[in-house]
Amino acid sequence: MACSRCGRASAVNCEKCAEGLEQNGEPSQILYCGRQCLEADKKAHASDCGLRIDRLQLFRAGKLVQDAFLQSREQPFDLCIESVKKNGHRLIMKEPKVYKKNGPIYFEFPNEMFDNERDKKAMLTWMTCSDGLAQMFNLLEAAVQGLFTKASEVCLQLRAELARIDDGSNWRLRWSNGG
Ligand SMILES: [Zn+2]
Ligand SMILES: [Zn+2]
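Each value, and the rule that gives it
Residues numbered from 1 in each chain as written. Chains lettered and ligands numbered in written order. Predicted model: local features only at pLDDT ≥ 70, side-chain atom pairs only at ≥ 80, totals over all residues. pLDDT = per-residue confidence, 0-100. Helix = DSSP H or I, 4+ residues; strand = E, 2+ residues; numbered from the N terminus. Core = buried A, V, L, I, M, F, W, Y, C linked by C-beta atoms within 7 Å. Buried ≥ 20, exposed ≤ 12 C-beta atoms within 10 Å, placed from the backbone. Contact = placed C-beta atoms within 7 Å. Pairing = 2+ DSSP bridges. Axes fitted to C-alpha atoms, helices over the stretch in contact; angles between N-to-C directions. Parallel < 35°, antiparallel > 145°, perpendicular 65-115°, else oblique. Left-handed = near helix turned anticlockwise from the far one by under 90°. Nonpolar A, V, L, I, M, F, W, Y, C, P; charged D, E, K, R; others polar. Arc of directions from axis to C-beta.

As annotated in an unreviewed UniProt entry, the protein carries the name Suppressor of anucleate metulae protein B and comes from Recurvomyces mirabilis.

Below you can see the structure in the form of structure tokens.
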């Protein structure tokens, strides 16, 4: 890696933001060829240095909120899923044709139907009520308090396409692929 200031081979890093994160969430890499460049760059790097540490806190908060959200969906899981099939990027979830009368309101989340975390998350993120999202927004606001003046938006994106089929009938819902 090259020195952030002069481009020569790097030997030391900025210790302050070594624990921080780049914009993409990768570990921060502010490297210098030696102490001379590190000292000379201190002023110019100061605000970016602070941002990198803030970002670490933001990513941690995001992870916490996501974990809390997924747990809050998984514990009281209220969909009866008969099977989940994969079709390319799409997950096709099948519900029973007829729900048992007086059956349970909550169901065990069908972990065994998912072979990876990503698909499981897609299912848990699906059909989320706005109450749940509002709660997560409040949680995020609390988690990043002091870091930003205002949190204005929480963006949720489904990772995989999900389709729901009600066996035998003709309705289908499809979400576009979030990448
Ligand atoms: Zn240098
Ligand atoms: Zn730094």
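*Asks:* What's the story with the confidence of the model for the protein in this structure? I'm lost.
*Replies:* It should be kept in mind that the predicted coordinates are not to be read in detail where pLDDT is low. When pLDDT is averaged along the protein, the result is 82, and 84% of the positions lie at 70 or above. When mean pLDDT is taken per element in the protein, strand β2 (residues 31–32) scores highest with 95 and strand β6 (residues 172–174) scores lowest with 43.

*Asks:* Which parts of the structure should I look at to understand the nonpolar core?
*Replies:* Inside soluble globular proteins, nonpolar side chains tend to come together where they are buried. Judged by nonpolar contacts, Cys3, Cys14, Cys17, Ile30, Tyr32, Cys37 and Leu38 together constitute the single largest core of seven residues. When sequence neighbours within four positions are dropped, the list of residues in contact with Cys3 reads Arg8, Ser10, Leu31, Tyr32, Cys33 and Cys37.

*Asks:* Explanation requested: the pairing of strand β4 (residues 90–95) in the structure shown.
*Replies:* Side chains on a regular strand alternate between the two faces of the sheet. Here five bridges tie strand β3 (residues 83–87) to β4, and the two strands are oriented antiparallel to one another. Residue pairing across strands places Ser83 opposite Lys94, the latter belonging to β4.

*Asks:* It is not clear to me how the environment of Ala143 should be interpreted in this structure. Could you clarify?
*Replies:* Residue placement: Ala143 occurs in helix α3 (residues 130–143). Judged by C-beta crowding, with 18 C-beta atoms within 10 Å, Ala143 ranks as partly exposed. Sequence spacing of Ala143 and Leu64 is 79 residues, and the spatial spacing of their C-alpha atoms is 8.5 Å. Those residues in contact with Ala143 that sit more than four places away from it in its chain are Ala61, Leu64 and Val65.

*Asks:* Teacher, can you tell me more about the environment of Glu74 here?
*Replies:* Residue position: Glu74 is located in helix α1 (residues 35–74). As a C-alpha pair, Glu74 and Asn111 span 37 residues in sequence and 9.8 Å in three-dimensional space. When neighbours within four sequence positions are excluded, Glu74 is seen to be in contact with Phe109 and Leu124.

*Asks:* Quick question: what am I supposed to make of the environment of Val12 here?
*Replies:* Relative to the helices and strands, Val12 resides in strand β1 (residues 12–13). Accessibility expressed as a C-beta count within 10 Å gives 16 for Val12, which makes it partly exposed. Residues Val12 and Arg35 lie 23 residues apart in sequence; the distance between their C-alpha atoms is 7.2 Å. Excluding its chain neighbours within four sequence positions, the residues that come into contact with Val12 are Tyr32, Gly34, Arg35 and Leu38.

*Asks:* Sorry, what's going on with the packing of α1 against α3 here?
*Replies:* If you want to describe how two helices pack, look at the angle between their axes and the distance between the axes. Taken N-terminus to C-terminus, the directions of α1 and α3 make an angle of 150°; their axes are 9 Å apart at the nearest point. On the basis of the axis angle, α1 is roughly antiparallel to α3. Pair α1 / α3 crosses with right-handed handedness. For the pair α1 and α3, the contacting residues are Ala61, Leu64, Val65, Ala68, Phe69 and Ser72 in the first and Gly132, Met136, Leu139, Leu140 and Ala143 in the second. Its residues assigned to classes, the contact of α1 with α3 shows nine nonpolar, two polar and no charged.

*Asks:* What exactly am I supposed to notice about helix α2 (residues 117–125) here?
*Replies:* Residues three or four positions apart in an α-helix share a direction because the helix packs 3.6 residues into each turn. The set of residues buried in α2 consists of Ala122, Met123 and Thr125. Along the axis of α2, the buried residues cluster in a sector spanning 170°; they form a single face. Positive backbone phi, at 55°, marks Met127, one or two positions downstream of α2.

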